[in-house]
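# Examining the three-dimensional arrangement
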Amino acid sequence: ALQQGKVSVADAANVADLDEAKSWMITNQLARRNISDGWRYELVMERKKALLAEGKKSQGKRTDLEGSNLLPTIGKKSYYTQSKIANELGWSHGKVSMADKVWKEADQETIDAVKAGEVSINRAYTSMLCEKRRKRRTKRRAQAKTGLSS
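Residues numbered from 1 in each chain as written. Predicted model: local features only at pLDDT ≥ 70, side-chain atom pairs only at ≥ 80, totals over all residues. Heavy atoms only, no water.

## Observations concerning the overall build of the protein
The secondary structure content of the protein amounts to 7 helices and 2 strands. In sequence order, the secondary structure elements of the protein are arranged as β-β-α-α-α-α-α-α-α. Counting every position in the protein, which comprises 150 residues, the buried fraction comes to 24%. By sequence separation, contacts in the protein at least 24 residues apart represent 48% of the contacts at least 6 residues apart. (Helix = DSSP H or I, 4+ residues; strand = E, 2+ residues; numbered from the N terminus. Buried < 20%, exposed > 50% of the residue type's maximum accessible area, 1.4 Å probe, protein only. Contact = heavy atoms within 4.5 Å.)

## Examining the side chain of aspartate 100
Tracing the backbone through its elements, the reader meets aspartate 100 in helix H5 (residues 93-105). Looking at aspartate 100, the relative accessible area reads 12%, which means it is buried. Excluding residues that lie within four positions of it along the chain, aspartate 100 makes contacts with Tyr41, Met45, Lys48 and Gln82.

## Looking at the side chain of lysine 115
You can see lysine 115 is positioned in helix H6 (residues 108-116). Salt bridges are absent for the buried lysine 115, whose nearest opposite-charge side chain, glutamate 42, sits at 4.1 Å. For lysine 115, the residues in contact, after removing those within four places along its chain, are Ser36, Gly38, Trp39, Glu42 and Trp103. (Lys, Arg positive; Asp, Glu negative; His and termini not counted. Salt bridge = Lys/Arg side-chain N within 4 Å of Asp/Glu carboxyl O.)

## Regarding the pattern of salt bridges
Side chains carrying opposite charge are able to pair once their charged atoms draw close together. Enumeration over the complete set of coordinates arrives at 4 salt bridges. Lysine 101 serves as the salt-bridge partner of glutamate 105, at 3.1 Å between the closest nitrogen and oxygen. Taken together, the residues span about one helical turn, with glutamate 105 and lysine 101 both in helix H5 at a distance of 4 residues. Two residues, glutamate 105 and lysine 132, come together in a salt bridge whose shortest N-O distance is 2.6 Å. Here the residue glutamate 105 occupies a position in helix H5, and lysine 132 occupies one in helix H7 (residues 121-149), the gap between them amounting to 27 residues. Looking at lysine 132, the relative accessible area reads 32%, which means it is partly exposed.

## Topic: helix H4 (residues 81-89)
Of all the residues in H4, the buried ones are Thr81, Gln82, Ser83, Ile85, Ala86 and Leu89. A positive backbone phi angle near 75 degrees is found at glycine 90, which sits one or two residues after H4.

## Brief notes about the packing of H4 against H5
Two elements in contact, H4 and H5, have axes whose closest approach is 9 Å; the angle formed by their N-to-C orientations is 105 degrees. By the angle between their directions, the pair H4 and H5 is classed as roughly perpendicular. Contacts between H4 and H5 pair Gln82, Ser83, Ile85 and Ala86 from the former with His93, Val96, Ser97 and Asp100 from the latter. The class makeup of the residues in the contact of H4 with H5 is 3 nonpolar, 4 polar and 1 charged. (Axes fitted to C-alpha atoms, helices over the stretch in contact; angles between N-to-C directions. Parallel < 35°, antiparallel > 145°, perpendicular 65-115°, else oblique. Nonpolar A, V, L, I, M, F, W, Y, C, P; charged D, E, K, R; others polar.)

## What to know about the confidence of the model for the protein
Per-residue pLDDT for the protein has a mean of 79; in total, 73% of the residues score no lower than 70. Per-element confidence in the protein ranges from a low mean pLDDT of 46 for strand E1 (residues 2-3) to a high of 95 for H6. (pLDDT = per-residue confidence, 0-100.)

Right, here's the structure in full:
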């Protein structure tokens, strides 16, 4: 329980394993108001690993052997990871997709700027796309020049 802004030792001791402890810490960090979108995304990516493991457990299981085949999805858990992440962050699926792309393809300087709150995820994503287009355009022009000079 929270007592005067502090977390009690009882809360910290009630975790069953390391994954649950990490999840508990992430939840507490996400409750902070002054945390940037970049850091929110970083924290939730830690939790994403656990969600993916949960999804893999149910992946490949035969559902046609369980009772009636008429309504096989009723009562079954769905593990659409991006949807869970979007709901947890209070973001749209599009913003989560943009953040995924930025974290996978952008340079470390851009990621650090997003985490510091200097650049929004949307701005970083848009800049990254513009840079990609510019490089493709330059490459096509160079190919066209070499094709003409042959």
